[in-house]
Amino acid sequence: VQLQASGGGLVQPGGSLRLSCAASGSRSRFNVMGWYRQGPGNERELVAKMGISGTRNYADSVKDRFTISRDNAKNTVYLQMNNLKPEDTAAYYCNAVAISGRVDTYWGQGTQVTVSS
């Protein structure tokens, strides 16, 4: 399984970005897809995740600013990020979890988001 993330970049405070992550390979169904981030000197943390049935979870720091969505037919997850703040600067990693008797977790390569004036 490969996860291909895109959409990062440099944006001014208050700006918006949309991240995308497409999964391909031997798995056709992912129970959970989401986004994590890791800023300089910080541990990787959950940003948002979404179950295949539509349940969403967000980190408190991004609630009301970020929206996660997914296209199950395309095995693609999106993260719409609005009102970006300098503290959102980090490498963002997409994540997919498949559960079928065992739990398999997959990670994409990071995509850098930099919020700066």
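Residues numbered from 1 in each chain as written. Predicted model: local features only at pLDDT ≥ 70, side-chain atom pairs only at ≥ 80, totals over all residues. Heavy atoms only, no water.

**A closer look at the overall build of the protein**
Then, in step 1: Counting its regular elements, the protein contains zero helices and 11 strands.
Then, in step 2: Tracing the protein from N to C terminus, the helices and strands come up as β-β-β-β-β-β-β-β-β-β-β.
Then, in step 3: Since a compact globule built from 117 residues should have a radius of gyration of about 13 Å, the 14 Å found for the protein is in line with a globular shape.
Then, in step 4: Oriented by its inertia axes, the alpha-carbon framework of the protein measures out at about 45 × 25 × 25 Å.
Then, in step 5: With 117 residues in all, the protein has 43% of them scored as buried. (Helix = DSSP H or I, 4+ residues; strand = E, 2+ residues; numbered from the N terminus. Rg over C-alpha atoms; globule rule 2.2 N^0.38 Å. Buried < 20%, exposed > 50% of the residue type's maximum accessible area, 1.4 Å probe, protein only.)

**Let's talk about the pairing of strand β11 (residues 111-115)**
Then, in step 1: Of the two faces of β11, only one is covered, namely that formed by T111, V113 and V115; the face formed by Q112 and T114 stays uncovered.
Then, in step 2: In terms of strand pairing, strand β2 (residues 9-11) meets β11 through three bridges, oriented parallel. Bridge pairing in β11 places G9 opposite V113.
Then, in step 3: One ladder, built from three bridges, connects strand β9 (residues 90-99) with β11; its direction is antiparallel. Paired with A90 across the bridge in β11 is V113. (Pairing = 2+ DSSP bridges.)

**A few points about the state of the cysteines**
Then, in step 1: One pass over the full model with this rule turns up one disulfide.
Then, in step 2: There is a disulfide in this structure between C21 and C94, and the S-S distance comes to 2.1 Å. Linking C21 and C94, the disulfide has an S-S dihedral of approximately 50 degrees and is accordingly described as right-handed. Here the residue C21 occupies a position in strand β3 (residues 17-24), and C94 occupies one in strand β9, the gap between them amounting to 73 residues. For the pair formed by C21 and C94, the shared burial category is buried. (Disulfide = S-S within 2.5 Å.)

**Here we look at the nonpolar core**
Then, in step 1: Judged by nonpolar contacts, the single largest core of 29 residues is most densely connected at W35, V47, F66, L79, M81 and Y92.
Then, in step 2: Of all the secondary structure elements, the ones that give two or more residues to this core are β1 (2-6), β3, β4 (32-38), β5 (45-51), β7 (66-71), β8 (76-81), β9 and β11.
Then, in step 3: Of all the elements, β9 adds the most residues to this core, at five residues.
Then, in step 4: Filtering out sequence-adjacent residues up to four positions away, V47 remains in contact with W35, Y36, R37, N57, Y58, A59, V62, F66, L79 and Y92. (Core = buried A, V, L, I, M, F, W, Y, C linked by side-chain atoms within 4.5 Å. Contact = heavy atoms within 4.5 Å.)

**Here's the deal with the side chain of R70**
Then, in step 1: Positionally, R70 belongs in strand β7.
Then, in step 2: Salt bridges are absent for the buried R70, whose nearest opposite-charge side chain, D71, sits at 8.1 Å.
Then, in step 3: Among the polar contacts listed, one links the side chain of R70 to the backbone oxygen of F30, at a separation of 2.7 Å.
Then, in step 4: Only 2.9 Å separates the side chain of R70 from the backbone oxygen of M50, close enough to count as a polar contact.
Then, in step 5: In this view, R70 contacts F30, N31, V32, M33, M50, G51, I52, T76, V77 and Y78; residues no more than four positions away in its chain are not counted. (Lys, Arg positive; Asp, Glu negative; His and termini not counted. Salt bridge = Lys/Arg side-chain N within 4 Å of Asp/Glu carboxyl O. Polar contact = N/O pair within 3.5 Å; in protein donor to acceptor, adjacent residues only side chain to side chain.)

**Examining the pairing of β3**
Then, in step 1: The pairing of β1 with β3 spans five bridges and is antiparallel. Bridge pairing in β3 links Q4 to A22.

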